[in-house]
Amino acid sequence: MKTSVAMSLLILTASLPAQAAEDEADRAARWKDLQHAVFGDRVVEDGNGIVTLDAPARAMDAALVPVTITIDPAAHVKTLYLTVDSNPSPLAGTFHFGPAADPHEIRTRVRVEQYTLMHAVVETDDGRLLSTERFVKAAGGCSAPMGGDAKAALSRLGQMRFRVEATPRQSGVDTAQLLISHPNNNGMQVDQLSHNFIPARYIQDIKITSGDQTVFTLDADISLSENPSLTFGFRPAGAIEVQVEDSTQAVFKQSFTLPQ
Amino acid sequence: MIAARSACIGRRAALLGATGLIVPRSIQAEPDHAAADLPPLMMTEVAPGIHVRQGVYEDASAANDDAIANIGFIVGNDAVAVIDPGGSRDDGLRLHASIRQNTSLPIRYVILSHMHPDHVFGCAAFTDDDPIFVAHANMLPALVSRGEYYRRVLADLIGLDAAGDYAKPNRAITGLQTIDLGDRVLELRAHGVAHTDNDLSIVDRRTGTLWAADLLFVDRVPSLDGSLVGWIHELDALKALPCSRAIPGHGPASVAWPAAADNEQRYLTTILTETRQMIANGADIEVAVDHVAAGERSQWALFDDYNGRNVTVAFKELEWE
């Protein structure tokens, strides 16, 4: 399933010139094609009131655009799709929520290559798809070079930080931020000595569990920022375990005990 | 990286420098890059034999040719060292012309203080002098990963030809090393990660002048592209050097040392303290960007262009503490 969606997205982006300045009609057409590539013929409804997507109208750093998705808990959402429509790889992430999830708010950081629509689409337990969109002005995020301290970043590869918010917003629900040190390199930079592309190395899968229950799994891609950050709600059911796999098949695992 | 020399630039510059004559255009076969048409730069001799061009407090643009950094040269008894050849081909050509107005001594060294394009893309104007390009040992790997990006951004602004190019360093500096321009010893210090991860500073022993380059910003807001904690540390070390005068990478051509470091130290420490506070309070990066160092705004030119980015870099570094 994942591979065929990725293939149709590659074909899609190849057919639309990503660098050309787009107008509103272009963007609407692009979204229509993207919807089709990801959801096939399924109806995608307006998610107004159920899902919101927040992002800065004009981003400070196109390689690190913070996005916040809020979801009405009454909607019983099982999946969240996040798109950055005009990126080379527009499906930035797919969250599959498990029993320990509390998907009221998800925050992360994405790369934005050019002025673009972004979409958050939630899938409810009864199979409805609900969408919301946001327009973001940023450019160059996918081809921007790595951060300033290259050696520190590499020496830290795979390390994680996990911080739980001191005051729960709701009884039985914690909110935490997970940071993963990883270049999330998209393979679009050129090595000036060899004139070859610097190989891509990006996170593909993240799995978070609490005790023996899944909080969520995330299918990720090159649109996530370097050193990915994820803020999310969860229902604690034991120690947190995070497992990350990247495109070189490297696996990083770390456990975190929860504060009492 | 520069693959081949540009013969027509070299011939014109050599003719102008060696003989002092302006050769009529009809004699030259090649189309020229109009080195003679580019007026030399306004240089300030901040100390005997040390010449600085103050850059404008602007972001790179077609109008300013990326002449936004302080660049210049030092003249010894036997040779010249360029300190940062400029932000573009023409910036470099104009610096070259300024040098030749001042001396006909050979340009033996081109010292690259760090990888940012406003300091190094003028390299293209100096290849015919066959100098030794000197840089921090980390500069080449940094350019390997970023050079193409910088070239593209600059070319988008002023065109690919006009952008110029960086040169691959021939001499990589670690720790403290010296070069001698003829009874004029320059100390070269390779710093730990600070403004970037490849900062080099120069001390002229003859006059006690510290060419701090982008380790020092005065009046124009600092830009962070390395490590905030590291920069604060390196700045402390520089303040201890027995120099009475410093040359910032952006700011007046010459400032009193170490007094001129105070404002930058305050700015960097403010970002450090306030960002740590934000992180401790669980604030996210967008909130930090909007609030950290807001009180510094009236103190610095180009504040709105850079402070948000500085806070972003600082936040990314400090959230790993």
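1. Quick word on the overall build of chain A
At step 1: Looking only at helices and strands, chain A has three helices and 15 strands in total.
At step 2: Scored against the burial criterion, the 260 residues of chain A give a buried share of 55%.
At step 3: Taken as a whole, chain A presents about 11,400 Å² of accessible surface, with 53% of it coming from carbon and sulfur.

2. With respect to the packing of aromatic side chains
All names here are of chain A.
At step 1: In total, this model carries 15 aromatic pairs over all chains according to the counting rule given.
At step 2: Aromatic pair Phe95 and Phe216: ring centres 5.3 Å apart, planes at 65°, arrangement edge-to-face. With a gap of 121 residues between them, Phe95 in strand β5 (residues 91-97) and Phe216 in strand β12 (residues 213-220) connect regions that are remote in the sequence.
At step 3: Judged by centre distance (6.5 Å) and plane angle (85°), the ring pair of Tyr115 and Phe135 falls under edge-to-face.

3. Brief notes about a negative patch on the surface
Residue and element names in this part refer to chain A.
At step 1: A cluster of acidic side chains, namely Asp23, Glu24, Asp26 and Glu133, defines a negative patch on the protein surface.
At step 2: Its location among the elements puts Asp23 in the loop between α1 (2-15) and α2 (24-39).
At step 3: Here Asp23 falls in the partly exposed class, since its relative accessible area comes to 42%.

4. Re the side chain of Arg220 of chain B
All names here are of chain B.
At step 1: Along the chain, Arg220 falls in the loop between β11 (209-217) and α6 (228-239).
At step 2: Here Arg220 occupies a buried position and makes no salt bridge, while the nearest side chain of opposite charge, Asp59, is found at 4.8 Å.
At step 3: A distance of 3.5 Å separates the side chain of Arg220 from the side chain of Tyr306, its partner in a polar contact.
At step 4: Ignoring sequence-local partners within four residues, the contact set of Arg220 consists of Tyr57, His250, Trp300, Ala301, Leu302 and Tyr306.

5. So, the nonpolar core
At step 1: In terms of nonpolar packing, the biggest core is built from 51 residues, with Val110, Leu178 and Phe232 of chain A touching the most fellow members.
At step 2: In this structure Val110 of chain A touches Ala62, Ala63, Leu64, Val65, Val67, Leu82, Val84, Ala92, Met118, Ser223, Leu224 and Ser225 of chain A, once residues within four positions along its chain are discounted.
At step 3: Counting residues in each nonpolar core, the second largest holds 42 residues, with Leu216, Val221, Ile232 and Ala261 of chain B among its members.

6. Some points on the packing of α6 of chain B against helix α7 (residues 262-280) of chain B
Each pair of packed helices can be described by the angle between their axes along with the distance between the axes.
Residues and elements named next belong to chain B.
At step 1: Relative to each other, α6 and α7 sit at 150°, their axes nearing to 10 Å. Accordingly, the angle class assigned to the pair α6 and α7 is roughly antiparallel. When the axes of α6 and α7 are compared, the crossing they make is left-handed. Residues Leu228, Val229, Trp231, Ile232, Leu235, Asp236 and Lys239 of α6 pack against Asp262, Glu264, Gln265, Leu268, Thr269, Ile271, Leu272 and Arg276 of α7.

7. Points about the sheet that holds strand β9 (residues 185-190) of chain B
Residue and element names in this part refer to chain B.
At step 1: Strand order across the open sheet formed by six strands is β8-β9-β10-β11-β12-β13, with mixed pairing between neighbours. Only two strands of the sheet have a single neighbouring strand rather than two, namely β8 (176-180) and β13 (255-256).
At step 2: Bridge count for β11 against strand β12 (residues 245-250) is five bridges, and the pairing is parallel. Within β12, the residue paired with Phe217 across the bridge is His250.
At step 3: Along the sheet, α6 makes contact with β10 (200-204) and β11, crossing β11 at roughly 160°.

8. Here we look at helix α4 (residues 139-158) of chain B
The periodicity of an α-helix, 3.6 residues per turn, causes residues three or four places apart in sequence to face the same way.
Residue and element names in this part refer to chain B.
At step 1: Under the 1.5 Å per step criterion, the end-to-end length of α4 is only 24 Å for 20 residues, more than 12% shorter than the ideal 28 Å.
At step 2: Of all the positions in α4, only Met139, Leu140, Ala142, Leu143, Val144, Arg146, Gly147, Tyr150, Arg151, Leu154, Ala155 and Ile158 are classed as buried.
At step 3: The elements touched by buried residues of α4 are α3 (117-120), β6 (132-136) and α5 (160-163).
At step 4: Immediately beyond the C-terminal end of α4, within one or two residues, lies Gly159, with a positive phi of roughly 95°.

9. Comments concerning the pairing of strand β2 (residues 51-54) of chain A
All names here are of chain A.
At step 1: Only one face of β2 is buried: it carries Val51 and Leu53, and the other face, with Thr52 and Asp54, is open.
At step 2: The pairing of β2 with strand β3 (residues 65-71) spans four bridges and is classified as antiparallel. Within β3, the residue paired with Thr52 across the bridge is Thr70.

10. With respect to the confidence of the model for chain A
At step 1: For chain A, mean pLDDT is 87; residues scoring 70 or higher make up 86% of the total.
At step 2: Low pLDDT, under 50, characterises residues 14-19 of chain A; the stretch is placed with eight contacts to residues that sit more than four places away or in other chains.

11. A look at unusual backbone geometry
Negative phi values dominate among residues other than glycine, just as trans dominates among peptide bonds.
At step 1: Geometrically, the link from Trp257 of chain B to Pro258 of chain B is a cis peptide bond, its omega value of 5° lying close to zero.
At step 2: Tracing the backbone shows Pro258 of chain B in the loop between β13 and α7.
At step 3: With phi around 40°, Asn184 of chain A is a residue other than glycine that occupies positive phi space.
At step 4: With respect to the element layout, Asn184 of chain A can be found in the loop between β10 (174-180) and β11 (203-210).
At step 5: Positive phi outside glycine occurs at Asn227 of chain A, with the angle close to 50°.

12. Some words on the environment of Leu130 of chain A
All names here are of chain A.
At step 1: With respect to the helices and strands, the residue Leu130 is situated in strand β8 (residues 129-136).
At step 2: Residue class for Leu130 comes out buried when judged on its relative accessible area of 1%.
At step 3: Residues Leu130 and Val77, spaced 53 residues apart in sequence, show a C-alpha to C-alpha distance of 9.8 Å.
At step 4: Sequence-distant contacts of Leu130, defined by excluding residues within four places in its chain, comprise Glu45, Asp46, Gly47, Ile50, Val51, Ala120, Val121, Val122 and Thr124.

Rules used in this analysis
- Residues numbered from 1 in each chain as written.
- Chains lettered and ligands numbered in written order.
- Predicted model: local features only at pLDDT ≥ 70, side-chain atom pairs only at ≥ 80, totals over all residues.
- Heavy atoms only, no water.
- Helix = DSSP H or I, 4+ residues; strand = E, 2+ residues; numbered from the N terminus.
- Buried < 20%, exposed > 50% of the residue type's maximum accessible area, 1.4 Å probe, protein only.
- Areas by Shrake-Rupley, 256 points an atom, 1.4 Å probe, with all protein chains shown as cover.
- Phe/Tyr/Trp six-rings, centres within 6.5 Å; stacked < 30°, edge-to-face > 60°.
- Patch = residues over 30% accessible without salt bridge, like charges linked within 9 Å, V, L, I, M, F, W, Y side chains within 5 Å.
- Salt bridge = Lys/Arg side-chain N within 4 Å of Asp/Glu carboxyl O.
- Lys, Arg positive; Asp, Glu negative; His and termini not counted.
- Charge placed at Lys NZ, Arg CZ, Asp CG, Glu CD.
- Polar contact = N/O pair within 3.5 Å; in protein donor to acceptor, adjacent residues only side chain to side chain.
- Contact = heavy atoms within 4.5 Å.
- Core = buried A, V, L, I, M, F, W, Y, C linked by side-chain atoms within 4.5 Å.
- Axes fitted to C-alpha atoms, helices over the stretch in contact; angles between N-to-C directions.
- Parallel < 35°, antiparallel > 145°, perpendicular 65-115°, else oblique.
- Left-handed = near helix turned anticlockwise from the far one by under 90°.
- Pairing = 2+ DSSP bridges.
- Expected span 1.5 Å × (residues − 1).
- pLDDT = per-residue confidence, 0-100.

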